[in-house]
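# Observations on the three-dimensional arrangement
Chain residues, written in single-letter form:
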Amino acid sequence: DAGVTQSPTHLIKTRGQHVTLRCSPISGHKSVSWYQQVLGQGPQFIFQYYEKEERGRGNFPDRFSARQFPNYSSELNVNALLLGDSALYLCASSPAGGPNSPLHFGNGTRLTVT
Amino acid sequence: AQSVAQPEDQVNVAEGNPLTVKCTYSVSGNPYLFWYVQYPNRGLQFLLKYITGDNLVKGSYGFEAEFNKSQTSFHLKKPSALVSDSALYFCAVRDNRGAGNMLTFGGGTRLMVKP
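This text gives an overview of the structure that appears in the document. For every chain, the first residue of its written sequence is number 1, and the numbers climb from 1 along that sequence. The order in which chains are written sets their letters, starting at A; the order in which ligands are written sets their numbers, starting at 1. In keeping with the predicted nature of the model, local features appear solely for residues at pLDDT of at least 70, side-chain atom pairs appear and are counted solely at 80 or more, and the whole-chain, interface and lining totals rest on all residues. Note that water and hydrogens are dropped before the side-chain values are worked out from all heavy atoms of the structure.

## Some points on the overall build of chain B
Along chain B, the regular secondary structure elements total zero helices and twelve strands. Only DSSP runs of H or I reaching four residues or more are called helices, and only runs of E reaching two or more are called strands; each is numbered from the N terminus. Scanning chain B from its N terminus toward the C terminus, one meets helices and strands in the order β-β-β-β-β-β-β-β-β-β-β-β. With the radius of gyration taken over C-alpha atoms, the globule rule is written as 2.2 Å times the number of residues to the power 0.38. For 115 residues, the compact-globule estimate of 2.2 N^0.38 gives 13 Å, and chain B sits close to it at 14 Å. Here's how the labels work: a residue is buried when its accessible area is under 20% of the maximum for its type, exposed when over 50%, partly exposed in between, all with a 1.4 Å probe on protein chains only. Sorting the 115 residues of chain B into buried and exposed places 47% on the buried side. Put simply, chain B shows about 5400 Å² of open surface, and 48% of that area lies on carbon and sulfur atoms. For this count, His and the chain ends are skipped, Lys and Arg are scored as positive, and Asp and Glu as negative. To locate a charge, the coordinates of NZ of Lys, CZ of Arg, CG of Asp or CD of Glu are taken. In chain B, 11 positive and 8 negative side-chain charges are present, and the distance between their average locations comes to 5 Å. Each accessible area is a Shrake-Rupley estimate made with a 1.4 Å probe; only the visible protein chains count as cover when residues are assessed.

## Digging into the interface of chain B and chain A
Chain B puts 21 residues into the contact, and the matching count from chain A is 26 residues. Using a 1.4 Å probe, buried area is obtained as the accessible area two parts lose upon being combined, added over both of them. Taking both partners together, chain B and chain A bury about 1700 Å²; carbon and sulfur atoms supply 54% of that area. Of all residues in chain B, B:Leu44, B:Asn101 and B:Met102 give up the largest surface area on contact with chain A, accounting jointly for 32% of the area buried on that side. Throughout this description, the term salt bridge denotes a Lys or Arg side-chain nitrogen within 4 Å of a carboxyl oxygen of Asp or Glu. Summed over the shared surface of chain B and chain A, the number is zero salt bridges. Contacts between residues were defined by any pair of non-hydrogen atoms, one from each residue, lying within 4.5 Å.

## Describing the sheet that holds strand S7 (residues 64-68) of chain A
Residue and element names in this part refer to chain A. Between any two strands, at least two bridges found by DSSP are needed for them to pair. One open sheet holds the four strands; their spatial order is S1-S3-S8-S7, and the pairing between them is antiparallel. Taken across any chain shown, the strands that pair with only one partner, and hence form the sheet edges, are strand S1 (5-7) and S7. Geometrically, the sheet is characterised by an average inter-axis angle of 15 degrees between neighbouring strands, direction not taken into account. Two strands pair when backbone bridges link them, and S7 and strand S8 (residues 74-78) are joined in this way by five bridges, in the antiparallel orientation. For Phe64, the partnering residue across the bridge sits in S8 and is Val78. A fitted line through C-alpha atoms represents every axis, and for helices the fit uses only the stretch in contact; the resulting angles, taken between N-to-C directions, go from 0 to 180 degrees.

## With respect to the pairing of strand S6 (residues 44-50) of chain B
Put simply, side chains in a regular strand alternate between the two faces of the sheet. Examined bridge by bridge, strand S5 (residues 33-38) of chain B and S6(B) share six bridges and lie antiparallel to one another. Paired with B:Gln38 across the two strands is B:Leu44, which belongs to S6(B).

## Quick look at the pattern of salt bridges
Pairing is possible between side chains that carry opposite charge, provided their charged atoms lie close to one another. Evaluation of the coordinates by the stated rule reveals nine salt bridges over all chains. Note that B:Glu66 is salt-bridged to B:Lys77, the shortest N-O span being 3.0 Å. In this pair, B:Glu66 sits in strand S8 (residues 64-68) while B:Lys77 sits in strand S9 (residues 73-78), placing the two residues eleven residues apart along the sequence. Since its relative accessible area comes to 26%, B:Lys77 is described here as partly exposed. One network of salt bridges, in which partners are shared, links A:Arg22, A:Arg67 and A:Glu75.

## So, the environment of B:Leu103
The residue B:Leu103 is located in strand S11 (residues 103-105) in this model. As a C-alpha pair, B:Leu103 and B:Ala92 span eleven residues in sequence and 6.0 Å in three-dimensional space. Once you skip the residues sitting within four places of it in the chain, B:Leu103 turns out to touch A:Tyr35, A:Phe45, A:Leu103, B:Phe34, B:Tyr36, B:Ala92, B:Val93 and B:Arg94.

## Let's talk about the side chain of A:Gln68
All names here are of chain A. Of note, Gln68 is situated in strand S7. Polar contact is defined as a pair of N or O atoms within 3.5 Å, subject to the rule that within protein one atom must be able to donate a hydrogen and the other to accept it, and that residues adjacent in sequence are counted only when both atoms are side-chain atoms. Here Lys52 takes part through its backbone nitrogen, which lies 2.8 Å from a polar atom of the side chain of Gln68. In this structure the side chain of Gln68 is engaged in a polar contact, spanning 3.1 Å, whose partner is the backbone oxygen of Tyr72. In this structure, Gln68 is in contact with Lys30, Ser31, Val32, Tyr49, Tyr50, Glu51, Lys52, Glu53, Ser73 and Ser74, ignoring residues within four places of it in sequence.

## Things to note about the state of the cysteines
Cysteine sulfur atoms are paired as a disulfide whenever they come within 2.5 Å of each other. All chains considered together, the criterion is met by two disulfides over all chains. Through a disulfide, A:Cys23 is tied to A:Cys91; the S-S separation comes to 1.8 Å. Since a negative S-S torsion denotes a left-handed disulfide, the A:Cys23-A:Cys91 link at about -65 degrees is left-handed. With A:Cys23 in strand S3 (residues 19-24) and A:Cys91 in strand S9 (residues 87-94), this residue pair connects regions lying 68 residues apart in the sequence. A:Cys23 gets classed as buried once you look at its relative accessible area, which sits at 3%. Look at A:Cys91 and you get buried, because its relative accessible area is 0%. Here B:Cys23 is linked by a disulfide to B:Cys91, with a sulfur-sulfur distance of 2.0 Å. An S-S torsion of about -65 degrees defines the bridge between B:Cys23 and B:Cys91 as left-handed. Remark: B:Cys91 occurs in strand S10 (residues 87-94) and B:Cys23 occurs in the loop between strand S3 (19-21) and strand S4 (24-26); sequence separation between them is 68 residues. Here B:Cys23 matches B:Cys91 in class, with each residue buried.

Listed below in structure tokens is the structure:
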């Protein structure tokens, strides 16, 4: 079975632009989460969606938004990019949205903002 | 608010020797604790979790972790390290504020296993 797939794998954007990152969960998984991993740090939680509804939001500005589609895939959108948004963006899926479900991570999208 | 501390940026161990990667946590309520491993240019891979039950949790690739409630610790261990275990290891605790499975991660510990 395919794991969590993310696209694109790498992306270079300019300050002020917007970006859309995409994630396809493992088949049968209904929850998708997004994390930001700045170089040299642990991942930080951005959003969780379960059954197309937002279940949680981390401490990120409103420039960050996300949604989940009927097929459970997800998009993360970031507007008005800043240099500090440069990071590895990780998508994770789980069968359910509750606390006992370990996260299965994709390989991430490496975003560079210049 | 919950938090996770991994006090060592790097742990060096010789192949065949036992290894320990340290983690302490702070969370209200019962802790749900996890260990993940990250190889270069890859996402995180789940190793093991503690939800309830035995304090010694066994996971993937021969790793285990010991939950100690009084010391609020969840150290990762392996009896005999392999060179292929060299990677970045993250400890995480579930955020108890909501119904979801969002995690708070520590800053990571780089494990270097030398032949």
